[in-house]
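# Examination of the molecular architecture
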Amino acid sequence: MVVLDLRRLRMLRELEERGTLSAVAAALGYTPSAVSQQLAVLEKEVGARLLEKAGRGVRLTDAGRLLAQHAGVLLSAAEAARADLAALTGEIRGTVRAAGLQSATRRVLIPAVARMLVDHPQVRVEISELELEQTLPELRLGTLDVVISDEYDGHPRPRPAGLRYTLLHEEPLKLVLPVTHPTAGHGGPVAVADLRDDVWVASAAGTGHHALVVGTCRSLGGYEPDLRHRSNDADVQLELVRTAGAVALLPSLTLPAADPTLAIRDVAEADIGRRLVVITREGPTPPALGAFLTAIREQARRLDREPAPGAAPDTRGARSDDRAPRD
């Protein structure tokens, strides 16, 4: 009778997803040689060749891919068993690994961690600031437990099977201009079409925010923006507005409460919004994760109740933060 070691099965599953021994080692905290040795032991245990050479690396054989699929099922079952046992004992303890984009990390995850320190001090919460493209594989593999991502109007995110998506918070996007900008003086909404000749700033190419800015200028203004500056940090974006005369389009959570150098204006042509979404794996929710999700929802409700900051007298719903949208 073959007894399969869950730790080695996880390494095999990670290799299927990540593709290289080095990536598996980095994710799990081992050396590549240690991962290779453990997979060699697994081959002996099952009596089948699981890996084969592929250039300078390795790849899974047919048997390796088959066992990796079963490994996913077994690892999920083990996770469900741990969750059920924790619920049976009534203890709320364990580790929760969370990740999110910058503004959600600052405005939701960190306050939720502070709440957990008071309400559930025996739960260890680990926070990482990561792009969505990095988090989804980690979430599916079990190295993350919860992710907060965002979606912009007209720019839906991929939704792989096996993950649960829950709406957390909705907010408008605002145009951010230098206070001396010609269109800022009247205090009302500003048309994207009137910003054709301006220099724009957005997040890095390939991000949802970058696609949003370009798509908004194309659809509402009828032009390709002069997107001269790129940064995933709203402090940098806002400083480029202040000192370099750039124009930005940012979610309310990323905006300062008050800044006399900035004019924060509604978009005249259309309402543009962003949604924060909580992503978890499907299946039973361990008590520690359940408690943290409750803290996240409570913090989101507090954000919903916050009054608009005094950034400009005509702003509607802008909220305080200093980080840019990330994916």
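Up top is the structure these notes are about.
Residues numbered from 1 in each chain as written. Predicted model: local features only at pLDDT ≥ 70, side-chain atom pairs only at ≥ 80, totals over all residues. Heavy atoms only, no water.

### Observations concerning the overall build of the chain
Inclusion rule: Counting from the N terminus, the helices are DSSP H or I runs at least four residues long and the strands are E runs at least two residues long. Relative accessible area decides the class of each residue, using a 1.4 Å probe on protein chains only: under 20% of the type maximum gives buried, over 50% gives exposed, and in between gives partly exposed. In what follows, residue pairs with any heavy atoms lying within 4.5 Å of each other are defined as contacts. For every accessible area listed, the method is Shrake-Rupley and the probe measures 1.4 Å; residues are considered covered only by the protein chains on display.
Looking only at helices and strands, the chain has 9 helices and 11 strands in total. Within the chain, buried positions represent 49% of all 327 residues. Residue pairs in contact within the chain that sit at least 24 positions apart in sequence constitute 77% of those at least 6 positions apart. Carbon together with sulfur atoms contributes 53% to the accessible area of the chain, which is approximately 15,100 Å² in total.

### Observations concerning the nonpolar core
Which entries qualify depends on this criterion: What is meant by a nonpolar core is a set of buried Ala, Val, Leu, Ile, Met, Phe, Trp, Tyr and Cys residues, joined one to another through side-chain atoms within 4.5 Å.
Counting residues in each nonpolar core, the largest one holds 26 residues, and the members touching the most others are Val96, Val146, Ile148, Leu168, Leu276, Phe292 and Ile296. Among the secondary structure elements, those contributing two or more residues to this core are strand E3 (94-100), helix H5 (102-119), strand E4 (123-129), strand E5 (146-152), strand E11 (273-281) and helix H9 (287-305). Residues in contact with Leu276, not counting those within four places in the same chain, are Leu101, Ala104, Val108, Ile148, Ser149, Asp150, Thr166, Leu167, Leu168, His169 and Leu253. Among the nonpolar cores identified, the runner-up in size contains 21 residues, and Val192, Val214, Val247 and Ala263 belong to it.

### Side note on the packing of helix H1 (residues 6-18) against helix H6 (residues 132-141)
How we decide: For every element, the axis is a line fit to its C-alpha atoms; helices are fit only across the contacting stretch, and the angle between N-to-C directions ranges from 0 to 180 degrees. Angle categories are assigned with fixed cut-offs, so that under 35 degrees is roughly parallel, over 145 is roughly antiparallel, 65 to 115 is roughly perpendicular, and the rest are oblique. When the near helix sits turned anticlockwise from the far one by under a right angle, the crossing is termed left-handed; a clockwise turn instead gives a right-handed crossing. Any residue outside Ala, Val, Leu, Ile, Met, Phe, Trp, Tyr, Cys, Pro, Asp, Glu, Lys and Arg is labelled polar, Gly included; the first ten of those are nonpolar and the last four are charged.
In the contact formed by H1 and H6, the axes pass within 11 Å of each other and the chain directions differ by 155°. It follows that H1 is roughly antiparallel to H6 by the angle criterion. As for the relative orientation of H1 and H6, their crossing is right-handed in sense. Facing Arg10, Arg13, Glu14, Glu17 and Arg18 of H1, the residues of H6 in contact are Glu138, Arg140 and Leu141. Considering only residue class, the contact of H1 with H6 consists of 1 nonpolar, no polar and 7 charged.

### Points about helix H3 (residues 32-46)
So the rule is basically this: To estimate the expected span of a helix, subtract one from its residue number and multiply by 1.5 Å.
Its 15 residues give H3 an end-to-end C-alpha distance of 21 Å, which sits within 8% of 21 Å, the value for a rise of 1.5 Å per residue. Looking one or two residues past H3, Gly47 carries a phi angle of roughly 70°, positive in sign.

### Side note on the side chain of Ser231
Inclusion rule: Counting of polar contacts relies on pairs of N or O atoms within 3.5 Å, with two restrictions inside protein: one atom must be capable of donating a hydrogen and the other of accepting it, and residues adjacent in sequence are counted only when both atoms are side-chain atoms.
Position of Ser231 relative to the elements: it lies in the loop between strand E8 (226-230) and helix H8 (234-244). By relative accessible area, Ser231 is classed as buried at 11%. Here Asp233 takes part through its backbone nitrogen, which lies 3.1 Å from a polar atom of the side chain of Ser231.

### Let's talk about the pattern of salt bridges
Oppositely charged side chains are able to pair whenever their charged atoms sit close together. We apply this condition: Take a side-chain nitrogen of Lys or Arg and a carboxyl oxygen of Asp or Glu: if they are within 4 Å of each other, that pair is a salt bridge.
What the rule picks out here adds up to 22 salt bridges. Note that Glu17 is salt-bridged to Arg140, the shortest N-O span being 3.2 Å. Here Arg140 lies in helix H6 and Glu17 lies in helix H1, a separation of 123 residues in the sequence. Of the residues examined, Glu17 reaches a relative accessible area of 29% and is grouped as partly exposed. One salt bridge connects Asp150 with Arg157, and the closest N-O pair in it is separated by 2.9 Å. Here Asp150 and Arg157 have matching classes, each one buried. One connected set of salt bridges, linked through shared partners, spans Arg13, Glu16, Glu17 and Arg140.

### Topic: a nonpolar patch on the surface
Defined as follows: Patch construction takes residues with relative accessible area above 30% that form no salt bridge. Like charges are linked within 9 Å, and nonpolar side chains (Val, Leu, Ile, Met, Phe, Trp, Tyr) are linked within 5 Å.
Among the surface-exposed residues, Leu4, Leu6 and Leu74 lie close enough to one another that they form a single nonpolar patch of about 210 Å² accessible area. Structurally, Leu4 is set in the segment before H1. Take Leu4: its relative accessible area is 31%, and that puts it in the partly exposed class.

### What to know about the packing of H1 against H3
The N-to-C vectors of H1 and H3 enclose an angle of 110°; their axes lie 9 Å apart at closest approach. In terms of orientation, H1 lies roughly perpendicular with respect to H3. The chirality of how H1 crosses H3 is left-handed. When H1 is examined against H3, the residues Arg7, Arg8, Leu9, Met11, Leu12 and Leu15 are found in contact with a partner set consisting of Val35, Gln38, Leu39, Val41, Leu42 and Glu45. Classifying every residue of the contact of H1 with H3 gives 8 nonpolar, 1 polar and 3 charged.

### Details of empty space enclosed by the protein
Put simply, the rule is: A 1.4 Å probe that fits into a set of points on a 1 Å grid over the protein atoms alone but cannot get out defines a cavity; an open set with protein on both sides within 12 Å along at least five of seven lines defines a pocket, and lining residues are those with an atom within 4 Å of a point. Grid points are joined across faces, edges and corners, and a volume is the space filled by probe spheres set on the points.
Per the counting criterion, the structure on display carries 1 cavity of 30 Å³ or more. Here the largest cavity is characterised by a volume of approximately 40 Å³. Elements with a contribution of two residues or more to the lining of the largest cavity: E5 and E11. With 3 residues, the single largest contributor to the lining of the largest cavity is E5. Classifying every residue of the lining of the largest cavity by side-chain character gives 5 nonpolar, 1 polar and 3 charged.

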